[in-house]
Amino acid sequence: MRPDSGLTGTMARELFDAQVTSRHLDLAARRLRADGAGYYTIGSAGHEGNAGVAAALRPTDPALLHYRSGAFYAARAAQLAEGKVDAIRDVLRGVVASAAEPIAGGRHKVFGSTDLNVIPTTSTIASHLPRAVGLAFAVERSRQGLDARGSSGRHAADSGQPVLVPPAWPRDAVVLCSFGDASVNHASAVAAFNTAGWSDFTGLRLPLLFVCEDNGLGISVRSPAGWVGETLRSRPGIRYFHADGCDLADTYAVARSAVSWVRRHRRPAVLHLRTVRLMGHAGADAELAYRTPAEIEHDLTLDPLLRTARLLVDAGQASPMELLSRYDEIGWRVQQTAAGVRDEPKLASAAEVVAPLAPRRPLRVAKTIARAAERAAGAALAERHRVFGGRLPEQTGPQTLAQAVNATLTDLMISHPQALVFGEDVARKGGVYGVTKGLRDRFGPARVFDTLLDETSILGLGLGAGLGGLLPIPEIQYLAYLHNAEDQLRGEAASMRFFSQGAYRNPMVVRIAGLAYQKGFGGHFHNDHSVAVLRDIPGLVVAVPSRADDAAAMLRTCVAAAEVDGTVSVFLEPIALYHTRDLHTDGDGGWLSPYAAPDRWADTHVPVGRARSHSYGTGDRLTVLTFGNGVRMSLRVAARLAEEGHGCRVVDLRWLAPLPLADIVREAGATGRVLVVDETRRSGGVGEGVLAALVDAGYVGLARRVAAVDTFLPLGPAADHVLVGEDAIERAARALLAA
Ligand SMILES: Cc1ncc(C[n+]2csc(CCOP(=O)(O)OP(=O)(O)O)c2C)c(N)n1
Ligand SMILES: [Mg+2]
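Residues numbered from 1 in each chain as written. Chains lettered and ligands numbered in written order. Predicted model: local features only at pLDDT ≥ 70, side-chain atom pairs only at ≥ 80, totals over all residues. Heavy atoms only, no water.

1. Points about the confidence of the model for the chain
Here's step 1: For the chain, per-residue confidence averages 95 on the pLDDT scale, and residues scoring 70 or more make up 96% of the total.
Here's step 2: With pLDDT under 50 throughout, residues 146-165 is counted as low confidence; its partners more than four residues away or in other chains account for 48 contacts. (pLDDT = per-residue confidence, 0-100. Contact = heavy atoms within 4.5 Å.)

Structure follows, in structure tokens:
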């Protein structure tokens, strides 16, 4: 062996096996595809040097892998006791979409395994990088222990609570995150590099090794010569390492240095591995359409398998014949396994497909809240007094929605030492609207902190933190600014359970300030009311409280669901109602609610997907189905109509996903006249879903809808022309009553 590489003969032989295994898996995937039995042919051929990266790490280091990391996967499996993980069978089961595939159960072909600490990644280029930054943050947090959580050590001890979900990874773990060369240009990757560097700059430790597997191509597009090295080398705060990924000894030597540097210093680094891509991008790729035969041939001369074979032969570790026999032997095993798994049962029903997506255990959620209430009223009472500065929120009179969220977050931070609040301006300033005011002083900067200005990174931090056993409660400052980062919710957060059958979860409650009607502070970006992008994310819970008491109860529910079921929730707070105090007349305080003391949390618990009905007069003439700002406007209209003898019920949906179907149907049927008051846009808005739910349920009564105009919102009073107003609600209500 090359004496300075640290690679022993035994290791080289074992890694050669992993490389050969990976190559045969690629070949088998293509044969299975050709036979109509396989569904995935993106392979690892040419990238098998990544076996050397696996060898430089420990199998307990969490890894988020590039889709060409087959040899890494095989090498890591070989690091465990024999028979514990059958990498060949795992991968082939993925290829044939077998329901027995151990991580995704046939839902996708991913590299993932809890035994191997390989966390499945999606096919969306670079979307796993922000999570990797978050995971490194969480690993380091658990290493530093309680003290680093600000003053939380005392909270935890005082309240006699379990402190943290036991960290899944050792305290000195390094997070590995690999990706391709074209991927370095993706906004999500750039965000992650920047956030890792920014964090390092601020002194935050992040034990994170990025690995760029650089084959020079993104499908058919060449990375400009030198660009990948140039861009990776120039990332502030990220130490650059470079190796020839076709040369196992070089890869191992450099990877070892990189890993030990990251492990020792707890700082981010990137390993730039030069590889080749053999056999095209995927099975169906006709490479000759965009590469010359000479280029393709040149890459073949760099084949990492042949390079490792030469290394072994030159070092006297094996003869060419022995290596050929080994190649055939592994090939035979792969073929045998492929034959064994090809006809395994696939997912057989819609119910099977969706089973792991977003399980809900409402009874456990309710019990969790009841237990937290007992603690808050008992063991943690002194703690509450201390944190609230002697003025418990239940004793200080009725609250606005903003005050209720603030008090509830405080109580949740007391009861959940693993909870973190972070986002833009949430800490020092206390949020643009003061909703998180005082939290940093109460819980310290390690648990309540300002992030850099990047929504992708804020959500990525949540993704990794949740995965690492923390309970992230990130804030997105305005709904309009979620959209540029939305894939972190859709593609990453909401899909984690789906692609890992619940083996991995990223519990999270994303608070978002949104919706329209801010008088005097107009314009689209601060009044965005588009929730369509959230409502169709499978499994995502979307909560929209309209009143203070609901906000408190629903926030507790979202956090408990995160804890119990790993639920990902968006908690959409209507900005215009944050500080609203009155309902019908100035000074009536009708929009305030008292804060429920802990002994009332169980009684006032609001389950996910349950609406709230407010009745005016007899309540039997008209049903208004609405949410958010629509609730307050509709209640004002209902009061006027009731005075004229038209009894109305106003139903606050409270949950936009899942919609409160049973309540919708029951309340609609009670009057046979339904008015949907939808403050979101007519097209793609919430009202479409509500009406469709009624139709699906066989509702045959009258129905009307008022909704916002399909436009972005203009600045100033012109917004009133396109938003739903009380006059439109009243007109529609009267029309229905007259029908
Ligand atoms: C966000 C996103 N855009 C486009 C694609 C389609 N796509 C799949 S692989 C790929 C090229 C990736 O190239 P690179 O990062 O160099 O990885 P390689 O396949 O070369 O290993 C593209 C464009 C995708 N998966 N995700
Ligand atoms: Mg590439």
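2. Focus: the coordination of the magnesium ion (ligand 2)
Here's step 1: Looking at the magnesium ion (ligand 2), one finds its protein donor set to be Asp181 (OD), Asn215 (OD1) and Leu217 (O), positioned 1.9 to 2.1 Å from the metal centre.
Here's step 2: Each donor residue of the magnesium ion (ligand 2) lies on the same chain, and together they follow the pattern D-x33-N-x1-L. With aspartate 181 in the loop between strand E2 (175-180) and helix H7 (187-201) and leucine 217 in strand E4 (residues 217-218), this pair connects stretches of sequence that are 36 residues apart.
Here's step 3: Relative accessible area serves as the criterion here: at 1%, aspartate 181 is assigned to the buried category. (Donors = N, O, S within 2.8 Å, 3.2 Å for Na, K, Ca; no water. Helix = DSSP H or I, 4+ residues; strand = E, 2+ residues; numbered from the N terminus. Buried < 20%, exposed > 50% of the residue type's maximum accessible area, 1.4 Å probe, protein only.)

3. As for the environment of arginine 58
Here's step 1: Following the sequence through the fold, arginine 58 ends up in the loop between helix H2 (50-56) and strand E1 (63-64).
Here's step 2: On the basis of relative accessibility, which here comes to 35%, the residue arginine 58 falls in the partly exposed class.
Here's step 3: Excluding residues within four positions of it along the chain, arginine 58 makes contact with Arg76, Gln79, Asp172 and Arg263.
Here's step 4: Here the side chain of arginine 58 touches aspartate 172 through a polar contact of 2.8 Å, side chain to side chain. (Polar contact = N/O pair within 3.5 Å; in protein donor to acceptor, adjacent residues only side chain to side chain.)

4. Some remarks on the pattern of salt bridges
Here's step 1: Inspection of every chain in the model, using the stated rule, returns 46 salt bridges.
Here's step 2: Aspartate 214 is the salt-bridge partner of arginine 274, the closest N and O atoms lying 3.4 Å from each other. Linking arginine 274 in strand E7 (residues 269-274) with aspartate 214 in strand E3 (residues 208-214), this pair joins segments that are 60 residues apart in sequence.
Here's step 3: Accessibility expressed as a relative area gives 38% for arginine 274, which makes it partly exposed.
Here's step 4: Take aspartate 214: its relative accessible area is 6%, and that puts it in the buried class.
Here's step 5: Between aspartate 343 and arginine 342 there is a salt bridge, with the nearest N and O atoms lying 3.7 Å from each other.
Here's step 6: Looking at arginine 342, the relative accessible area reads 26%, which means it is partly exposed. (Salt bridge = Lys/Arg side-chain N within 4 Å of Asp/Glu carboxyl O.)

5. Regarding the packing of helix H16 (residues 401-415) against helix H22 (residues 548-565)
Here's step 1: The geometry of H16 relative to H22 is characterised by a closest axis approach of 8 Å and an angle of 30° between their N-to-C directions. In terms of their interaxial angle, H16 and H22 are classed as roughly parallel. The element H16 and its partner H22 pack so that their crossing is right-handed. Contacts between H16 and H22 pair Leu401, Ala404, Val405, Thr408, Leu409 and Leu412 from the former with Ala548, Ala551, Ala552, Leu555, Arg556 and Val559 from the latter. (Axes fitted to C-alpha atoms, helices over the stretch in contact; angles between N-to-C directions. Parallel < 35°, antiparallel > 145°, perpendicular 65-115°, else oblique. Left-handed = near helix turned anticlockwise from the far one by under 90°.)

6. Let's talk about the state of the cysteines
Here's step 1: Applying the stated criterion across every chain yields a total of zero disulfides.
Here's step 2: The thiol sulfur of cysteine 212 is not disulfide-bonded, and the nearest other cysteine sulfur, from cysteine 177, lies at 11 Å.
Here's step 3: Given the relative accessible area of 0%, cysteine 212 is considered buried.
Here's step 4: Free cysteine: cysteine 246, not disulfide-bonded; nearest cysteine sulfur from cysteine 212 at 13 Å.
Here's step 5: Classification of cysteine 246 as buried rests on a relative accessible area of 3%. (Disulfide = S-S within 2.5 Å.)

7. Examining the sheet that holds strand E15 (residues 622-626)
Here's step 1: Pairing is mixed in the open sheet, where five strands are placed in the order E14-E16-E15-E18-E19. At either margin of the open sheet sits one strand with a lone partner, and together these are strand E14 (612-616) and strand E19 (702-708). Neighbouring strand axes in the sheet, compared pairwise and without regard to direction, differ in orientation by 20° on average.
Here's step 2: Relative to strand E18 (residues 673-681), E15 is paired through three bridges, and the arrangement is parallel. Residue pairing across strands places threonine 623 opposite valine 674, the latter belonging to E18. (Pairing = 2+ DSSP bridges.)

8. What to know about the packing of aromatic side chains
Here's step 1: Within the structure shown, the criterion is met by eleven aromatic pairs.
Here's step 2: Both rings, one in tyrosine 73 and one in phenylalanine 111, keep their centres 5.5 Å apart while their planes meet at 35°; by these two values the pair is tilted. In this pair, tyrosine 73 is assigned in helix H3 (residues 70-79) and phenylalanine 111 in the loop between helix H4 (87-95) and helix H5 (129-144), connecting sequence segments 38 residues apart. Comparing tyrosine 73 with phenylalanine 111, the two get one shared label, buried.
Here's step 3: Between phenylalanine 179 and phenylalanine 193, the aromatic rings sit 5.8 Å apart at their centres with planes inclined by 55°, giving tilted as the arrangement. Separated by 14 residues along the polypeptide, phenylalanine 179 in strand E2 and phenylalanine 193 in helix H7 bring together distant segments of the chain. (Phe/Tyr/Trp six-rings, centres within 6.5 Å; stacked < 30°, edge-to-face > 60°.)

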